[in-house]
Amino acid sequence: MSAALLIDVLLWGSVAALGLIAFRRGRPVFVASLRQGSMDFINIMPRIALGVIGSGYIAAVIPQEVITGWLGPNSGWLGVTMATVSGAATPGGPVIGFSIAAVALKAGGGPPQVIAYVVAWALFAFQRVILWEIPFMPARFVWFRAAVSIPFPFLAAAIAMVIGRP
Amino acid sequence: MKDPAPAEDADAEPRPGHIRKPVGWSTVTIAVLVAVSAALVWHRDGISGVTEILTDDLTLFGGIVPRVLAGCLLGAFIAEILPHEKVSRSLGPESGLKGLVIGTAFGAILPGGPFTAYPVASALLAVGADFGATIAMVVSWTLIGYGRAVAWEIPILGADFTLWRIAISLPLPVLAGALGRFIYVRLYPKQDEAES
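Residues numbered from 1 in each chain as written. Chains lettered and ligands numbered in written order. Predicted model: local features only at pLDDT ≥ 70, side-chain atom pairs only at ≥ 80, totals over all residues.

Caption draft 1: Looking closely at the overall build of chain B. Assigned secondary structure in chain B consists of 9 helices and 0 strands. Reading the secondary structure of chain B in the N-to-C direction produces α-α-α-α-α-α-α-α-α. Burial status across chain B gives 47% buried among its 196 residues. Restricting to contacts in chain B with at least 6 residues of sequence separation, those with at least 24 account for 81%. (Helix = DSSP H or I, 4+ residues; strand = E, 2+ residues; numbered from the N terminus. Buried ≥ 20, exposed ≤ 12 C-beta atoms within 10 Å, placed from the backbone. Contact = placed C-beta atoms within 7 Å.)

Shown next as structure tokens:
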């Protein structure tokens with residue numbers, strides 16, 4: 001809870017600081033950016049509402065055991081590939097993604113596979129891409145970014161295999 | 001070198017930093033997914049299962065709304081006050097490794113969640129950052145940003161695993177940005193010549 005509060009303080013502190021800079025550039029600059037930001041907020045709200053309120057249902061119907069079963073310790077590169085696909089297919093927010101990784105680790109999942117899973121989830125989780133990235137970014141950027149990111153869960157797993165777990 | 005426009009403006013894409021219509025194919029996809037899932041939950045757990053999830057998610061949503069507003073304002077202020085020429089020099093196509101490192105550092109220190117990262121990334125694109133530096137920023141935010149690590153990953157996965165995971169992830173944003181830049185100039189060579 002305190003971490004969330006700290007993040008909120010930092011967030012609104014940054015807004016206030018940048019707002020002050022904009023205000024010093026002159027009232028029209030400040031008012032224009034305030035209006036632009038508010039319009040963006042109003043336009044984005046329906047999608048955020050749908051995604052956030054609906055995500056609980058999507059998470060409730062995807063059985064998490066299916067995902068954890070793919071992350072076995074001796075699953076090798078096939079396991080890394082499955083972990084990458086699972087990371088992208090994991091619904092819901094960070095609680096679900098990290099909890100699945102934690103369960104996989106406790107159930108004896110291989111650390112490189114779990115690393116690949118967490119990295120793939122961070123890079124590709126479909127719900128975040130559809131709900132947040134596509135509404136805010138140019139679509140061409142999103143697809144380009146996702147395509148370019150494909151090698152990195154594998155690279156992370158390879159690094160994990162080489163350096164081992166401390 | 002007078003106010004170089006970002007390469008993305010050359011085609012029919014909506015201007016970065018300007019959010020598109022509220023209803024599109026992605027919204028429809030999510031809506032269908034949510035409707036089907038809610039129906040499955042109803043079938044499995046009855047109406048109490050449906051309302052329980054709804055209550056939880058409404059609480060979550062209530063907490064997120066002000067943060068989304070903060071993110072949108074942050075993006076708008078950044079787009080307005082950052083000098084385009086400076087941004088395209090330090091984060092543009094010619095910014096080299098330094099631009100990728102700046103993008104990575106920026107993504108790592110950015111406060112907030114997706115509600116800040118994407119509006120801010122979009123604003124950077126609009127004021128002259130190239131795809132490479134913006135990819136470095138987005139990937140850095142998602143992989144080594146402290147917000148999610150502190151709020152969720154450490155409590156759930158433990159500090160040891162999280163730090164190990166972050167250490168392994170450290171080189172990835174710069175590599176992703178470099179790969180992005182490498183592919184971008186080969187995919188859209190003409191555009192770059194026309195722009196410079």
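Caption draft 2: Up close: the environment of Ala157 of chain A. Residue and element names in this part refer to chain A. Examined against the element boundaries, Ala157 turns out to sit in helix H9 (residues 151-163). When the 28 C-beta atoms within 10 Å are taken as the criterion, Ala157 is described as buried. As a C-alpha pair, Ala157 and Thr81 span 76 residues in sequence and 9.9 Å in three-dimensional space. For Ala157, the residues in contact, after removing those within four places along its chain, are Val80, Pro112, Gln113, Ile115 and Ala116.

Caption draft 3: Region of interest: the environment of Val150 of chain B. Residue and element names in this part refer to chain B. With respect to the helices and strands, Val150 occurs in helix H6 (residues 146-157). By C-beta crowding, Val150 is classed as partly exposed, having 16 other C-beta atoms within 10 Å. Considering only alpha carbons, one finds Val150 and Thr162, 12 residues apart in sequence, at a separation of 9.3 Å.

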